[in-house]
Amino acid sequence: MQNKIELINKLPKAELHLHIEGTFEPELMFEIAKRNNIKLAHDSVESLKATYEFDNLQEFLDIYYQGVNVLQTEQDFYDLTWAYLQRAKADNVVHTEIMYDPQSHTERGIDFSIAINGIARALKDGKDQLGISSYLILSLLRHLSEQECIATLEQAVDYRDKFIAIGLDSSELGHPPEKFTKLYARATELGLLKVAHAGEEGPAEYIWCAIDVLGIDRIDHGNRCLEDDKLVEYIKEKGLTLTVCPLSNLKLQVVKDLCDHPIKKMLDMGLNATVNSDDPAYFGGYVNENFKAITQSLNLSAEDVIQLVKNSFTGSFLPEDQVLEHLQEIDHIVEV
Ligand code: HPA
Ligand code: ZN
């Protein structure tokens, strides 16, 4: 196991499923709340952390949206993003495709420009100072109406150079992909890439629909595709990557035990599965901790780890030549 831990630590990797608001560590939350004169519902980091026990996605979301309320200024969004980038650097993340929820901020009166400008400025500094490349994905809240999501996308048009894709997150059950057909058609018109959370809690049918109706380029989570053999074949045929989040799945009770986690099965079936941290401040670990937990629980081989890391680049939205460079770097590290 020691050798595999060293391998995980030293391999450069991409992170493809990360909500920047889900990296809001309690310590930083208290610091920002203080400077914004906001009183949190809890009076210590420990008592806040004690609430991080979830029976399902919705219980998590209720707490996550409370944390988000603390973010007010462009500097707050910068500090949040910068803290994640530094943490990612420690895990040897060299490329990240992060999501943020514009509506979680505009819905409470924060101007659209504030979050995107703060995040984008930190991402630029991440490239210049930490050597981490990044793309930004605007994730729309599926518990809101399609009209509201389209209005947000139209607001984002002025910032088109700052993001590359749209996504769909928040409460999955009861909000199937087809609710957002027009939104995704508009994203296509704008030349954007498209991802969506599908098959985390929702059935395989939601994944079919996200692929065929929304035309997504990558699947966030996708765990429940394994319930449908035809769907597994279809995902492989289309070459779609799954951004899997093991510790998130455990914390949100998508799996009862990491020993039952489907990622090894996905790999063995030839699916392009990747490892990601989702909302690491809430789920107990950044990307390397996710790798280590599944390597231990599923007894992954060094080859499995290398495959998962390679998948993170082949599943990214980086141009082909940069993907190849990263793959060569991995081969080089593995050989020595
Ligand atoms: N699932 C769905 N929506 C989310 C999540 C998640 O894990 N994190 C933030 N929004
Ligand atoms: Zn997610």
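Parameters and conventions
- Residues numbered from 1 in each chain as written.
- Chains lettered and ligands numbered in written order.
- Predicted model: local features only at pLDDT ≥ 70, side-chain atom pairs only at ≥ 80, totals over all residues.
- Heavy atoms only, no water.
- Salt bridge = Lys/Arg side-chain N within 4 Å of Asp/Glu carboxyl O.
- Helix = DSSP H or I, 4+ residues; strand = E, 2+ residues; numbered from the N terminus.
- Buried < 20%, exposed > 50% of the residue type's maximum accessible area, 1.4 Å probe, protein only.
- Near = heavy atom within 4 Å.
- Polar contact = N/O pair within 3.5 Å; in protein donor to acceptor, adjacent residues only side chain to side chain.
- Areas by Shrake-Rupley, 256 points an atom, 1.4 Å probe, with all protein chains shown as cover.
- 1 Å grid on protein atoms, 1.4 Å probe; cavity = no way out; pocket = protein on both sides within 12 Å on 5 of 7 lines; lining within 4 Å.
- Sits in = over half its atoms within 2 Å of the grid points.
- Contact = heavy atoms within 4.5 Å.

Q: What is the right way to look at the pattern of salt bridges in this model?
A: Two side chains of opposite charge can pair, provided their charged atoms sit close to one another. Per the counting criterion, the structure on display carries 17 salt bridges. Its salt-bridge partner being Arg-218, residue Glu-97 comes within 2.7 Å of it at the nearest N-O pair. Taken together, the residues Glu-97 in strand E2 (residues 93–100) and Arg-218 in strand E6 (residues 218–221) connect sequence positions 121 residues apart. Judged by its relative accessible area of 0%, Arg-218 is buried. One salt bridge connects Glu-189 with Arg-186, and the closest N-O pair in it is separated by 2.7 Å. With Glu-189 and Arg-186 both in helix H9 (residues 181–189), this residue pair falls 3 residues apart, about one helical turn. Looking at Arg-186, the relative accessible area reads 23%, which means it is partly exposed. Residues joined in a network through salt bridges with shared partners are Arg-35, Asp-76 and Asp-79.

Q: Looking at this structure, how should I read the site of ligand 1?
A: Taken together, His-19, Leu-57, Phe-60, Leu-61, Tyr-64, Asp-169, Ser-170, His-197, Glu-200, Asp-278 and Asp-279 make up all the residues around ligand 1. Here a nitrogen atom of ligand 1 and a side-chain polar atom of Asp-279 are 2.8 Å apart. When the free accessible area of ligand 1 is taken as 260 Å², the share hidden by the protein chains comes to 100%. Given that more than half its atoms are within 2 Å of the pocket grid, ligand 1 belongs to the largest cavity. With 4 residues, helix H4 (residues 57–68) is the single largest residue contributor to the shell around ligand 1.

Q: Is there a simple way to think about the side chain of His-105 in this case?
A: Within the secondary structure, His-105 is located in helix H6 (residues 102–106). Judged by its relative accessible area of 1%, His-105 is buried. With near-sequence residues (within four places) excluded, His-105 lies in contact with Glu-21, Val-68, Leu-71, Phe-77, Tyr-100, Ile-110 and Ala-115.

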